[in-house]
Amino acid sequence: MDKVLITGSKGFIGSHYFNFLQKNKCNVVAYDQKDGNINNLRYSGVTSSLPDSDVVVHLAATNGTRLFYEHPTDVLINNTVPTINLIERYRNTNTKFVFASTCEIFNSTIDNGYYHVPTDENVPVMYNDITNPRWSYSIPKALGENLVANSGLDYLIIRYFNIYGPGQIDHFISEFVERCKKGEYYIVGNDTRSFCYVDDAVKMTHSLVENVTNKTVHVGRNEETPIATVAKLIMGIMGINPDKLEVLPSPVGSAKRRCPDTTLVQSLTGFTDYTPLQEGLRKTVESLL
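Residues numbered from 1 in each chain as written. Predicted model: local features only at pLDDT ≥ 70, side-chain atom pairs only at ≥ 80, totals over all residues. Heavy atoms only, no water.

J.: For this particular structure, what's the right way to read empty space enclosed by the protein?
T.: Taking a probe equal in size to a water molecule and rolling it over the atoms shows the remaining empty space. By the definition in use, this model includes two cavities of 30 Å³ or more. By residue class, the composition of the lining of the largest cavity is six nonpolar, two polar and two charged. Taken as a whole, the second largest cavity holds about 40 Å³ of empty space. F195, R221, E223, T225 and L277 are the residues that line the second largest cavity. The residue makeup of the lining of the second largest cavity, split by class, is two nonpolar, one polar and two charged. (1 Å grid on protein atoms, 1.4 Å probe; cavity = no way out; pocket = protein on both sides within 12 Å on 5 of 7 lines; lining within 4 Å. Points joined across faces, edges and corners; volume = space filled by probe spheres on them. Nonpolar A, V, L, I, M, F, W, Y, C, P; charged D, E, K, R; others polar.)

Laid out in structure tokens, this is it:
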């Protein structure tokens, strides 16, 4: 692969992908604001100084369901301005721009029964209540998709579906493990999700980055699992009686169901060797203990 710039190289997916590229001796440049407070993509002076690259993989984001509700303005700004600045930096170049989007952008479409599950890439984007702080993350992602697709650059939009694994914070699994450590055995809602282990997501991502242009692709696993099932598996791994689990009501806006149609990503990458949920959870939980 040619020269690749990764934003968010110390974030969850970004760090795993950066390590993957380094291991495979790719020419990769890492960017993350954790390297210094001045290095913030919200400032155009920072993005204008970024090096020329054959591929930009924009994974930097403020993510975490708790943050959506507690700091919605910061989440929205942090996930909007950097994308605009990066497009301004690279749109008159020959760079391929890879944008990390999310399945959150069509939660309302699914919950209202307007589209099917498993969900393919043609699903309409919809928001029931534009004022719900939940959407402080997904609205910038929907905006980013439109911005990237109309930038004039070769592009790839990847919509990730519940990627999990070691190194993830502000996420259901890490938060539930921390609660279990304190003897608090509850979850908020028993919706379904399609959990995809991060190593699998990275392999699909790399294949798409190398081979696919001007498409939007769902990356995840076509296996719908109730949150309570995952919580009980985690409790079992931690040696806790799963019967102690308490299920509280879901927050407003939380998707009731979520599962990707993986027909397109499998046809483009050939990837089918998914990590079993029990194995991925074991690796993840052990990394948190």
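J.: What is the right way to look at the sheet that holds strand 2 (residues 28-31) in this model?
T.: Either a parallel or an antiparallel arrangement is found when strands of a sheet pair, and the pairing is made through backbone hydrogen bonds. Ordered in space as 2-1-3-4-5-10, the six strands form an open sheet in which the pairing is parallel. Each edge of the open sheet carries a strand with a single partner, namely strand 2 and strand 10 (215-219). Pairwise comparison of adjacent strand axes, ignoring direction, gives a mean angle of 20° for this sheet. Bridge analysis of strand 5 (residues 154-160) against strand 10 gives five bridges, and the strand direction is parallel. (Pairing = 2+ DSSP bridges. Helix = DSSP H or I, 4+ residues; strand = E, 2+ residues; numbered from the N terminus. Axes fitted to C-alpha atoms, helices over the stretch in contact; angles between N-to-C directions.)

J.: Is there a simple way to explain the pairing of strand 2 in this structure?
T.: Across a regular strand the side chains alternate sides, sitting on one face of the sheet and then on the other. Pairing between strand 1 (residues 4-7) and strand 2: four bridges, direction parallel. Its bridge partner lying in strand 2, I6 is registered against A30. With helix 1 (residues 12-23) bridging strand 1 and the parallel strand 2, this β-α-β connection has right-handed handedness. (Right-handed = clockwise from strand over helix to strand, strands pointing away.)

J.: Teacher, can you tell me more about the nonpolar core here?
T.: The nonpolar side chains of soluble globular proteins are, as a tendency, buried together. With 31 residues, the main nonpolar core has I6, V57 and Y160 as its most contacted residues. Listed by contribution, the elements that provide at least two residues to this core are strand 1, helix 1, strand 3 (55-58), strand 4 (96-102), strand 5, helix 8 (198-211) and strand 10. Here this core takes six residues from helix 8, the largest share from any one element. V57 has contacts with V4, L5, I6, T7, Y17, V98 and V209, leaving out every residue within four places of it along the chain. One finds V230, M238, L245 and L277 within the second-largest nonpolar core, a separate group that totals 22 residues. (Core = buried A, V, L, I, M, F, W, Y, C linked by side-chain atoms within 4.5 Å. Buried < 20%, exposed > 50% of the residue type's maximum accessible area, 1.4 Å probe, protein only. Contact = heavy atoms within 4.5 Å.)

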